[in-house]
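This is what each chain is made of:
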Amino acid sequence: GKEIPGQASLVFDVVLLDLHNPKDGITIENQHVPESCERRSQTGDFLRYHYNGTLLDGTLFDSSYSRNHTYDTYVGKGYVIAGMDEGLLGVCTGEKRRIIIPPHLGYGEEGRGKIPGSAVLVFDIHVVDFHNPADSVSITVNYRPSNCTVLSKKGDYLKYHYNASLLDGTLLDSTHSLGKTYNIVLGSGQVVVGMDMGLQDMCVGERRTVVIPPHLGYGEDGVEGEVPGSAVLVFDIELLELVSGLPEGYMFVWNGEVSPNLFEEIDQNHDGEVLLEEFSEYIQAQVDSGKGKLAPGFDFEKIVKNMFTNQDRDGNGKVTPEEFKLKDQEAKEEHDEL
């Protein structure tokens, strides 16, 4: 035509950007595999990982590091491009690998955004953690005293130390740094479900590691500024003190025989009515003398007010002999009182 004359010799200066064969699969280059790898990812797992995405010539087109947030996805389920879906299978927590993906397993002939059509993609990934939605809490006992007869159960008041971290070892929180224990009533909803499970059947002096998947921890949202979303949590726990709780449904129990004239004893001024103040003073006296026991770990005033309210059936702020009943005198599901 007009630009190239006939019989002309041509000179092309070529830069080879990439090449692939339509028969190519992905290529995996392991860069770092942790010595300890108890489990590898499989179809259906939920992965959190960081990545740098480049073209074969090194051109960067995307990076999770620049967003300061992991990329989180299910693997083997088609939520990411086919090559990445395959490349994320069989990884360990903490592993670093390079995944090279031909275009027919990436973004094809059309490309996407900064990715040109028919481009070979290179992803350098770092697996932060992964879990399966079917996972439960994992408990590893690191030390158990030889005298271990009293085991923690729902309703017990526990004092314990912990170090909380992510699976990659990032420290999130520690009671040791605060110089005080963490105190809860087991099974009362004061901690995440996974921790309630992880503290069961533990004896004083025992040390254990509890691994909690996000659906039993802080879920997809995490805790802003503290716990990333969808993070697997690792708690190293030492139980220091255990105060036995009461049977489920009870806030107060007697340590001996119940007085047959209980109402009269509570009714200090003998006017046939018990006010909250009288009720509170009586319960306090029973606890102080060892004749009765309140559920440990709860606020005294709240427990007593709750007990009084359950006795005050007409809600007039007074309890009469007709209203007053012991726990075993009525259906268990109706009231939590004496």
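Predicted, not measured: the structure shown is a model, and the values here were computed from it. (Residues numbered from 1 in each chain as written. Predicted model: local features only at pLDDT ≥ 70, side-chain atom pairs only at ≥ 80, totals over all residues. Heavy atoms only, no water.)

Trainee: What is the right way to read unusual backbone geometry from this model?
Mentor: Excluding glycine, most residues fall at negative phi; most peptide bonds, likewise, are trans. The phi torsion at Asp201 lies on the positive side, around 55°, for a residue other than glycine. Looking at the secondary structure, you find Asp201 in the loop between α3 (193–198) and β11 (207–212). Overall, the relative accessible area of 45% leaves Asp201 in the partly exposed class. Its identity as a non-glycine residue notwithstanding, His270 has a phi of 55°, on the positive side. Locating His270 in the fold gives a position in the loop between α4 (262–266) and α5 (276–289). (Helix = DSSP H or I, 4+ residues; strand = E, 2+ residues; numbered from the N terminus. Buried < 20%, exposed > 50% of the residue type's maximum accessible area, 1.4 Å probe, protein only.)

Trainee: How should I be thinking about α5 in this particular structure?
Mentor: With 14 residues, α5 should reach 20 Å at 1.5 Å per residue; the first-to-last C-alpha distance of 20 Å fits that figure. Of the surrounding elements, those touching the buried residues of α5 are β13 (252–254), α4, β14 (292–294) and α6 (300–311). Directly after α5, the chain includes Gly290, whose backbone phi takes a positive value near 85°. (Expected span 1.5 Å × (residues − 1). Contact = heavy atoms within 4.5 Å.)

Trainee: How should I be thinking about the UniProt feature "domain: PPIase FKBP-type" (unreviewed entry) in the protein in this particular structure?
Mentor: Cross-referencing UniProt, the feature "domain: PPIase FKBP-type" (unreviewed entry) maps to residues 44–131 and 155–243 in the present numbering. The span residues 44–131 is 7% helical and 40% strand by assignment, and the distance between its end C-alpha atoms comes to 9 Å. Secondary structure across residues 155–243 comprises 11% helix and 39% strand; the distance between its end C-alpha atoms is 9 Å. (UniProt positions renumbered as here; feature names shortened; annotations may be inferred.)

Trainee: What exactly am I supposed to notice about the side chain of Gln286 here?
Mentor: The residue Gln286 is located in helix α5 in this model. Given the relative accessible area of 8%, Gln286 is considered buried. The contact partners of Gln286, leaving out residues within four places of it in the chain, are Phe252, Trp254, Lys291 and Gly292.

Trainee: What's the story with the state of the cysteines in this structure? I'm lost.
Mentor: Working definition of a disulfide: a covalent bond connecting the sulfur atoms of two cysteines. Applying the stated rule across the entire model yields two disulfides. Paired through a disulfide, Cys37 and Cys92 show a sulfur-sulfur distance of 1.9 Å. An S-S torsion of about -95° defines the bridge between Cys37 and Cys92 as left-handed. Taken together, the residues span a long stretch of sequence, with Cys37 in the loop between β1 (27–32) and β2 (46–55) and Cys92 in the loop between α1 (82–87) and β5 (96–101) at a distance of 55 residues. With a relative accessible area of 26%, Cys37 lands in the partly exposed category. The disulfide partner of Cys148 is Cys203, and the gap between their sulfur atoms is 2.2 Å. Classification of the bridge connecting Cys148 and Cys203 rests on its S-S torsion, roughly -115°, and on that basis the disulfide is left-handed. With Cys148 in the loop between β7 (138–143) and β8 (157–166) and Cys203 in the loop between α3 and β11, the pair connects residues that are 55 residues apart, well separated along the chain. (Disulfide = S-S within 2.5 Å.)

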